[in-house]
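# A look at the structure
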Amino acid sequence: MHPAFSVVFFTTATGAGYGLLALLGVLGGFQIIPPDFWLGFIGMGLAFGLIMAGLLSSTGHLGRPERAWRAFSQWRSSWLSREGVASVTTFIPAGLFGIGWVFFGRSGGWVTVAGLLTACGAVITVCTTGMIYASLKPIAQWHSRFTLPGYLIFSAMTGSVLLNALLQGFALGSKVQLAACLLLTLFGWGWKVATWRYNDRLEIATTANTATGLAGGTVRSLEWPHTEENYLLKEMGFRIARKHSARLRQITQLLAFVLPLGLLAIVSALSWPLAALLSILAAAIQFAGMLVERWLFFAEAKHTVTLYYGR
Amino acid sequence: MTCLPSQSGKKLGLVIDLDTCVGCQACVTACKEWNTGGHMAPLTDIDPYGGHVDGVWFNRVHSYEHTTEMGGRTVNFPRSCLHCETPACVTVCPTGASYKRASDGIVLIDEDKCIGCKLCSWACPYGAREFDSDVGVMKKCTLCVDRIYNDNLAEEDRVPACVAACPTSARHFGDLGDPQSAVSQLVAERGGVDLMPELGYRPTNKYLPPRAHTNRAASVAAPALEPVRAEGGFLGWVDRMLSN
């Protein structure tokens, strides 16, 4: 599948944004993070900023972005529509929580309720994003049991590492938060490696034989219907060389998992401001690593239509 | 609404005979000609005379070499929308632009509602949908919905343009929901198949596999001539001596 940057950035940014939003909703709502104007303002601003940037980026993928409002109508059948509804609905409790927690400096009561609802909305939104991909049968690498948990794990991981950077920045870092980041990053690493192993061993039932209805033997593409690449090949015929894929998997592991793990381990032995500096660096490096991961998620996905072209 | 409608039982579609298709591309051009002025018009061409020709087509004909233990053969393979019974392209549509008609099962796009998110083309395993980058919306085969019900056309012309154009009658149009229809009978008789049945889209269109082929060439040569009488003279004598 063609890795359009608008979609790669969209899913990575909203994943991190909703992860951070959910954590702020729960931890702020239960007063584990005490209300503080600047911390709250920057934290909620960062979460909203990532989500808004991602959503705006996703409209760049549309042929007719001025009609994007229509996408809220088909939530009964379409995961993309559900994602739209969930993402916008989450803004209601998130906005209330932000007002209560950041501007009124309150937690408890309705602010806690709004915080919990925000977290629920964020988790549901990330689920809908994962299901858009997991529900597509023609793409075997996406239509697997790894896709939806992957989106949730990476959202929790990047959100948690961002939250750690934020708390360390305000000299509020804790060993528990660091441990959570390390565990989630390790878990994310394991999940990604397991996903790659699964995809590499995938035996896809759909072949050129079933695609053409010609049973038995081999079906070799003799001639395409057209001389140049058409929409189908540009959008769904994207191919990546095996050696590039292997190198990019290494880069993903280094940036998204290994370096953040190393940096966060060092952070646990440091105090402000060095701890803050390294925590922010870890979050930035991990975000870059997740962009590579998401690029590969598209580039390595093979659509059944490529079978018609002998690819 | 992109939820699938409860069906009336009528399932209009095509039956394509891979045995007789000669890959002449007549159905491709007839489709383009009709539909670039039809329901989903225009079928935009980008850089049609340049080095990077691109454009929207509803029907594309591939050629394959099918090799089995019986030998190899060339199979020409027209590919277009199969008007599936459970089309994921419809249910993934976030705007309601894609829909399946309850009355005859045709899958269509309301261009005015399409936001061009392209998700339907990802959901279609057959590559039936093509994005028109000029208009910014998705396009697909309409089964010539503007021909088959068109009272302004003579009755024999009320078939999809591709069917009307086919010089070898490799394309058949009819109601595949009716087991007594000519197309259903043809599918039963020739063992018509679904494409990618394992994905569960339940395509309406059926493909008739090439007939079993034989290694015996038809005997068309006349039997060798027998000499009417023995050769005489010197050469005859030599022949007789050498033949002994």
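Residues numbered from 1 in each chain as written. Chains lettered and ligands numbered in written order. Predicted model: local features only at pLDDT ≥ 70, side-chain atom pairs only at ≥ 80, totals over all residues.

Helix and strand counts for chain A stand at 10 helices and 1 strand. Sequence-ordered secondary structure for chain A, helices as α and strands as β, is α-α-α-α-α-α-α-β-α-α-α. Relative to its length of 311 residues, chain A is compact, with a C-alpha radius of gyration of 21 Å against a globular reference of 19 Å. With the principal axes as the frame, chain A shows a C-alpha extent of 70 × 45 × 30 Å. Looking at chain A as a whole, 49% of its 311 residues are labelled buried. Taking the contacts inside chain A whose residues are at least 6 apart along the sequence as the reference set, 79% of them involve residues at least 24 apart. (Helix = DSSP H or I, 4+ residues; strand = E, 2+ residues; numbered from the N terminus. Rg over C-alpha atoms; globule rule 2.2 N^0.38 Å. Buried ≥ 20, exposed ≤ 12 C-beta atoms within 10 Å, placed from the backbone. Contact = placed C-beta atoms within 7 Å.)

Check the secondary structure of chain B and you find 7 helices and 11 strands. For a compact globule of 244 residues, the expected C-alpha radius of gyration is about 18 Å, and chain B comes in at 26 Å, more than 25% above that figure. The principal-axis extents of the C-alpha atoms in chain B amount to approximately 95 × 50 × 40 Å. By the burial criterion, 45% of the 244 residues in chain B qualify as buried. For chain B, long-range pairs separated by at least 24 residues make up 61% of all intrachain contacts whose partners lie at least 6 apart in sequence.

To continue, consider the sheet that holds strand β11 (residues 206-208) of chain B. All names here are of chain B. Overall, mixed pairing links the 3 strands, which are arranged β10-β1-β11 in an open sheet. Whereas interior strands pair on both sides, the edge strands pair on one side only; in this sheet they are β10 (171-175) and β11. Averaged over all pairs of adjacent strands, the angle between strand axes in this sheet comes to 25 degrees, irrespective of strand direction. Each of β1 (12-17), β10 and β11 is contacted by helix α6 (residues 182-190), which is oriented at about 120 degrees to β10, the strand it contacts most. (Pairing = 2+ DSSP bridges. Axes fitted to C-alpha atoms, helices over the stretch in contact; angles between N-to-C directions.)

The subject of this paragraph is the interface of chain B and chain A. How large an interface is tends to be reported as the accessible area lost when its parts come together. Contacts between the two partners involve 51 residues from chain B, matched on the other side by 47 residues from chain A. Where the side of chain B that touches chain A is concerned, the elements lending two or more residues are β4 (60-68), β5 (71-79), α2 (88-91), α3 (119-123) and β8 (130-132) of chain B. By residue number, the principal contributor to the side of chain B that touches chain A is β4(B), which donates 9 residues. Its residues assigned to classes, the side of chain B that touches chain A comprises 28 nonpolar, 15 polar and 8 charged. With 5 bridges connecting them, strand β1 (residues 218-223) of chain A and β4(B) associate as antiparallel partners. The residue bridging A:Arg220 from the neighbouring strand is B:Glu65, located in β4(B). (Nonpolar A, V, L, I, M, F, W, Y, C, P; charged D, E, K, R; others polar.)

Further remarks concern the confidence of the model for chain B. Per-residue pLDDT for chain B averages 93, and the proportion of residues at 70 or more is 98%. We note a pTM of 0.91 for the whole complex and an ipTM of 0.94 for its interfaces. (pLDDT = per-residue confidence, 0-100.)

Let us now look at the pairing of β10(B). All names here are of chain B. Burial analysis of β10 places 4 of its 5 residues in the buried class, which makes it a mostly covered element. As defined by bridge partners, β1 adjoins β10 across 5 bridges and the pair is classed as antiparallel. Paired with Leu-12 across the bridge in β10 is Asp-175.

Overall, antiparallel pairing links the 3 strands, which are arranged β1(A)-β4(B)-β5(B) in an open sheet. Each edge of the open sheet is held by one strand with a lone partner, namely β1 of chain A together with β5 of chain B. Geometrically, the sheet is characterised by an average inter-axis angle of 30 degrees between neighbouring strands, direction not taken into account. Here β4(B) runs beside β5(B); their pairing, made up of 9 bridges, is antiparallel. Opposite B:His62, over in β5(B), you have B:Phe77 as the bridge partner.

Counting residues in hydrophobic clusters, the biggest one holds 145 residues, and the most contacted among them are A:Leu20, A:Leu162 and B:Ala123. Counting residues per element, this core draws most heavily on helix α10 (residues 274-299) of chain A, at 12 residues. Dropping the residues within four chain positions of it, A:Leu162 is found in contact with A:Ala16, A:Leu20, A:Leu46 and A:Ala283. (Core = buried A, V, L, I, M, F, W, Y, C linked by C-beta atoms within 7 Å.)

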